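These are the residues of each chain, in order.
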Amino acid sequence: MTKREKKLWTGYNWFDVIIRIAVLLALVYVAMMIKDFFAVDACLDAGNSFNYETDSCEMDV
């Protein structure tokens, strides 16, 4: 293993680790928001209504 390769694996300090965890958590949060957005959008595109209280798609009768 070269010196550069070793630094890539062991050269992180706590600040780098915290930043990487924060970025990962932000990406997970954004993915959840996008998933919810597309669920509502698909419901509305189908001509139904979305009930935000129950978090479900309701077909209009």
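All of these numbers come straight from a predicted model, not from anything done at the bench.

Parameters at a glance
- Residues numbered from 1 in each chain as written.
- Predicted model: local features only at pLDDT ≥ 70, side-chain atom pairs only at ≥ 80, totals over all residues.
- Heavy atoms only, no water.
- Helix = DSSP H or I, 4+ residues; strand = E, 2+ residues; numbered from the N terminus.
- Buried < 20%, exposed > 50% of the residue type's maximum accessible area, 1.4 Å probe, protein only.
- Areas by Shrake-Rupley, 256 points an atom, 1.4 Å probe, with all protein chains shown as cover.
- Contact = heavy atoms within 4.5 Å.
- Disulfide = S-S within 2.5 Å.
- Phe/Tyr/Trp six-rings, centres within 6.5 Å; stacked < 30°, edge-to-face > 60°.

### Description of the overall build of the protein chain
Working step 1: Check the secondary structure of the protein chain and you find two helices and two strands.
Working step 2: Ordered by position from the N terminus, the helices and strands of the protein chain form the series α-α-β-β.
Working step 3: Out of the 61 residues belonging to the protein chain, those deemed buried represent 7%.
Working step 4: Counting only carbon and sulfur atoms, one obtains 68% of the accessible surface of the protein chain, whose full area is about 5800 Å².

### Quick look at the environment of Cys-43
Working step 1: Summarising the element assignment, Cys-43 is placed in helix H2 (residues 14-45).
Working step 2: Along the backbone, Cys-43 and Met-59 are 16 residues apart, and their C-alpha atoms lie at a distance of 8.8 Å.
Working step 3: Discounting residues that sit within four places of it in the chain, Cys-43 has contacts with Asn-48, Ser-49, Phe-50, Cys-57 and Glu-58.

### Structural notes on unusual backbone geometry
Working step 1: Non-glycine residue Asp-55 carries a positive phi angle of around 55 degrees.
Working step 2: When you line up the elements, Asp-55 lands in the loop between strand S1 (49-51) and strand S2 (56-58).

### Thoughts on the state of the cysteines
Working step 1: Applying the stated rule across the entire model yields one disulfide.
Working step 2: Put simply, Cys-43 and Cys-57 are joined by a disulfide, and their sulfur atoms are 2.1 Å apart. Between Cys-43 and Cys-57, the S-S dihedral sits near 85 degrees, and the bridge is therefore right-handed. Highlighted residues: Cys-43 in helix H2 and Cys-57 in strand S2, separated in sequence by 14 residues.

### Re the packing of aromatic side chains
Working step 1: Under the counting rule described, the total for this entry stands at two aromatic pairs.
Working step 2: Ring centres of Phe-50 and Tyr-52 lie 5.0 Å apart, and the angle between their planes is 70 degrees; this geometry places the pair in the edge-to-face category.

As far as function goes, none of this settles anything; it's purely spatial.
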